[in-house]
Amino acid sequence: MGNRRRVLVVEDEQTIAESVAARLRAEGFDVDLAHDGPQGVAIAARTKPDLVVLDVMLPGFDGLEVCRRIQAERPVPILMLTARDDETDLLVGLAVGADDYMTKPFSIRELAARVHALLRRVDRAQAEPEAAAIVVGDLEVDPVERRVRRAGVEAHLTPIEFDLIAHLAARPRAVHPRERLLAEIWGWGDAAGTRTVDSHVKALRRKLGADLIRTVHGVGYALEVPK
């Protein structure tokens, strides 16, 4: 079964960890469990998971530090779990390398759907043919090396942040509805996660400049043409 995907679940609440692991195993994944920060980093280094489900509040050191350390070793999709609907926590999680988040309590079924969607996005990005660099004003998006520079300065983006800015830059000034962004980048078939789009846009503004992405209220976002 060498083609099975491996997921690491880092969660200190045993009931939640076992429920998530049981559902993901039923979905066909190989699952490893860790119950604190140091153990999560060690298992990730040893098993090289295809995706990590990561709680924010952990013993040892928190999920944000786990995320930083895992992403420093190799890029991997990370779905963060938080007990608080705190936008600051969510934005920090996205800034250190998380691709998506869910707030507790959450549906195990929805979590499994998010895991599948994140992995489909990775597969789609890897299968796409090489494309030419996109240059819009002082913004340069290189899809081959998956690098983004503004005014010659490289920004360190998560995989999903890169996909989002590349999608917007491919059609500058065009308005992209949140629901369409969710479908085309995250692979979601409903509009239940529009706050996910908003949080990633905020992270991009922090990394690339607040003037780069314009909010079209009640609709979505558009890339402004940088000077």
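Calculation rules
Residues numbered from 1 in each chain as written. Predicted model: local features only at pLDDT ≥ 70, side-chain atom pairs only at ≥ 80, totals over all residues. Heavy atoms only, no water. Pairing = 2+ DSSP bridges. Helix = DSSP H or I, 4+ residues; strand = E, 2+ residues; numbered from the N terminus. Axes fitted to C-alpha atoms, helices over the stretch in contact; angles between N-to-C directions. Contact = heavy atoms within 4.5 Å. Expected span 1.5 Å × (residues − 1). Buried < 20%, exposed > 50% of the residue type's maximum accessible area, 1.4 Å probe, protein only. Arc of directions from axis to C-beta. Polar contact = N/O pair within 3.5 Å; in protein donor to acceptor, adjacent residues only side chain to side chain. Parallel < 35°, antiparallel > 145°, perpendicular 65-115°, else oblique. Left-handed = near helix turned anticlockwise from the far one by under 90°. Nonpolar A, V, L, I, M, F, W, Y, C, P; charged D, E, K, R; others polar.

Engineer: Quick rundown of the sheet that holds strand β7 (residues 139-142)? Include the residues and the values.
Structural biologist: The pairing of strands in a sheet happens through backbone hydrogen bonds and is either parallel or antiparallel. With antiparallel pairing, four strands are arranged side by side in an open sheet as β6-β7-β8-β9. Either end of the sheet is taken by a strand with one partner, and the two such strands are β6 (134-136) and β9 (153-155). Between one strand axis and the next, the sheet turns through 20° on average, direction left out of account. Judged from the three bridges that link them, β6 and β7 form a sheet pairing that is antiparallel. Within β7, the residue paired with V135 across the bridge is E140. Its contacts with the sheet place helix α6 (residues 159-169) against β6, β7 and β8 (147-150), and it is angled at close to 115° to β7.

Engineer: Could you give an account of helix α1 (residues 14-26), naming the residues involved and the relevant values?
Structural biologist: Compared with an ideal rise of 1.5 Å per residue, which puts 13 residues at 18 Å, α1 spans 18 Å between its outermost C-alpha atoms and is within 8% of the ideal. Where α1 is concerned, the buried positions are I16, A17, V20, A21 and L24. On an axial view of α1, the arc spanned by its buried residues comes to 125°, and they lie on one face. Facing away from the buried side of α1 by over 90 degrees, the exposed positions are Q14, T15 and A26.

Engineer: With reference to specific residues and values, describe the environment of V141.
Structural biologist: Tracing the chain through its elements places V141 in strand β7. Judged by relative accessible area, V141 falls into the buried class, the value being 1%. For the pair V141 and A170, spaced 29 residues apart in the sequence, the C-alpha separation amounts to 9.3 Å. Those residues within four positions of V141 in sequence are excluded, and the remaining contacts are A133, I134, R147, V148, F162, A166 and A169.

Engineer: Break down the environment of Y101 for me, with residues and values.
Structural biologist: Following the sequence through the fold, Y101 ends up in strand β5 (residues 100-103). Between the alpha carbons of Y101 and L81 there is a distance of 5.7 Å; along the sequence they are 20 residues apart. Engagement of the side chain of Y101 in a polar contact is seen with the side chain of S199, the distance being 3.5 Å.

Engineer: So, the packing of α6 against helix α7 (residues 178-186): which residues are in play, and what are the values?
Structural biologist: Two elements in contact, α6 and α7, have axes separated by 11 Å at closest approach and are oriented at 120°. One way to sum up the angle between α6 and α7 is to call them oblique. The hand of the α6/α7 crossing is right-handed. Only L181, E184, I185 and W186 of α7 make contact with α6, whose side of the interface consists of I160, D163, L164, H167 and L168. Residues of the contact of α6 with α7, tallied by class, amount to six nonpolar, one polar and two charged.

Engineer: Tell me about the sheet that holds β5, residues and numbers included.
Structural biologist: The five strands lie next to each other as β2-β1-β3-β4-β5, forming an open sheet whose pairing is parallel. Where the open sheet ends on each side, the last strands, each with one partner, are β2 (30-34) and β5. Neighbouring strand axes in the sheet, compared pairwise and without regard to direction, differ in orientation by 20° on average. Running at roughly 170° to β2, α1 makes contact with β1 (6-10), β2 and β3 (51-55) of the sheet.

Any functional reading would require information beyond the geometric quantities listed.
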